[in-house]
Amino acid sequence: NIFIKVPISSIDATIGCTIQVPTVYGDVELKIPEGTQPNTKFRLKGKGVKSRSGQGDEFVEVQVEIPRKVSRRERELYEELQSESPFERFKRAFK
């Protein structure tokens, strides 16, 4: 088996995306479903190293990267999303 870690953005993890993943047989597309959590592992069956016991798999672990700096516009968008989050609505219910 082969193990690889691939970085994705928090936005890609939240809404889902398709990424290119390198394998020993060339790049393949991997669909990242919406709501993917950090360190989630995906299995690419048959994309690992071949051995006497059979064909191995490749395991892809996604590492969600949070930006260290954001633009003013990005900050505004994040703040807008934050104000609508379920946690914020929960907090407002107790005020």
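The rules behind each value
Residues numbered from 1 in each chain as written. Predicted model: local features only at pLDDT ≥ 70, side-chain atom pairs only at ≥ 80, totals over all residues. Heavy atoms only, no water. Helix = DSSP H or I, 4+ residues; strand = E, 2+ residues; numbered from the N terminus. Rg over C-alpha atoms; globule rule 2.2 N^0.38 Å. Patch = residues over 30% accessible without salt bridge, like charges linked within 9 Å, V, L, I, M, F, W, Y side chains within 5 Å. Areas by Shrake-Rupley, 256 points an atom, 1.4 Å probe, with all protein chains shown as cover. Salt bridge = Lys/Arg side-chain N within 4 Å of Asp/Glu carboxyl O. Buried < 20%, exposed > 50% of the residue type's maximum accessible area, 1.4 Å probe, protein only. Core = buried A, V, L, I, M, F, W, Y, C linked by side-chain atoms within 4.5 Å. Contact = heavy atoms within 4.5 Å.

A. Spatial organisation of the overall build of the chain. A tally of regular secondary structure across the chain gives three helices and seven strands. Going from N to C terminus, the chain has its helices and strands arranged as β-α-β-β-β-β-β-β-α-α. Taken over C-alpha atoms, the radius of gyration comes to 18 Å for the chain, far larger than the 12 Å a tight globule of 95 residues would show. Over its C-alpha atoms, taken along the principal directions, the chain stretches across nearly 65 × 30 × 20 Å.

B. Inspection of a nonpolar patch on the surface at higher detail. Taken together, the side chains of Ile-11, Ile-15, Val-70, Tyr-78 and Leu-81 define a hydrophobic patch exposed on the protein surface, amounting to about 480 Å² of accessible area. Mapped onto the nonpolar patch, the elements with two or more residues apiece are helix H1 (10-15) and helix H2 (72-83). With respect to the secondary-structure elements, Val-70 resides in the loop between strand S7 (58-65) and H2.

C. Summary view of the pattern of salt bridges. Evaluation of the coordinates by the stated rule reveals four salt bridges. Lys-41 is the salt-bridge partner of Glu-61, the closest N and O atoms lying 3.9 Å from each other. Linking Glu-61 in strand S7 with Lys-41 in strand S4 (residues 41-44), this pair joins segments that are 20 residues apart in sequence. The exposure class assigned to Glu-61 is buried, which follows from its relative accessible area of 14%. In this structure, Arg-75 and Glu-79 form a salt bridge, with 3.7 Å as the shortest nitrogen-oxygen distance. A residue pair is termed a helical-turn pair when its members lie 3 or 4 positions apart in one helix, as Arg-75 and Glu-79 do in helix H2 at four residues.

D. Layout of the nonpolar core. Grouped together as the largest cluster of nonpolar side chains are 13 residues, with contacts concentrated most on Ile-8, Ile-19, Val-21, Leu-30, Ile-32, Leu-44 and Val-60. Looking at this core, the elements with two or more residues in it are strand S1 (2-9), strand S2 (17-21), strand S3 (28-32), S4 and S7. Leu-44 has contacts with Val-21, Thr-23, Val-28, Leu-30, Asp-57, Glu-58 and Val-60, leaving out every residue within four places of it along the chain.

E. How the structure looks around the environment of Lys-47. Looking at where Lys-47 falls in the secondary structure, it is placed in the loop between S4 and strand S5 (50-51). Lys-47 sits in the partly exposed class, given a relative accessible area of 28%. In the structure, Lys-47 is positioned 22 residues away from Tyr-25 in sequence and 7.0 Å away in space, judged by C-alpha atoms. Ignoring any residue separated from it by four or fewer positions in sequence, one finds Lys-47 in contact with Ile-2, Thr-23, Val-24, Tyr-25, Val-28, Gly-56, Asp-57 and Glu-58.

Read these as spatial facts, not as claims about activity.
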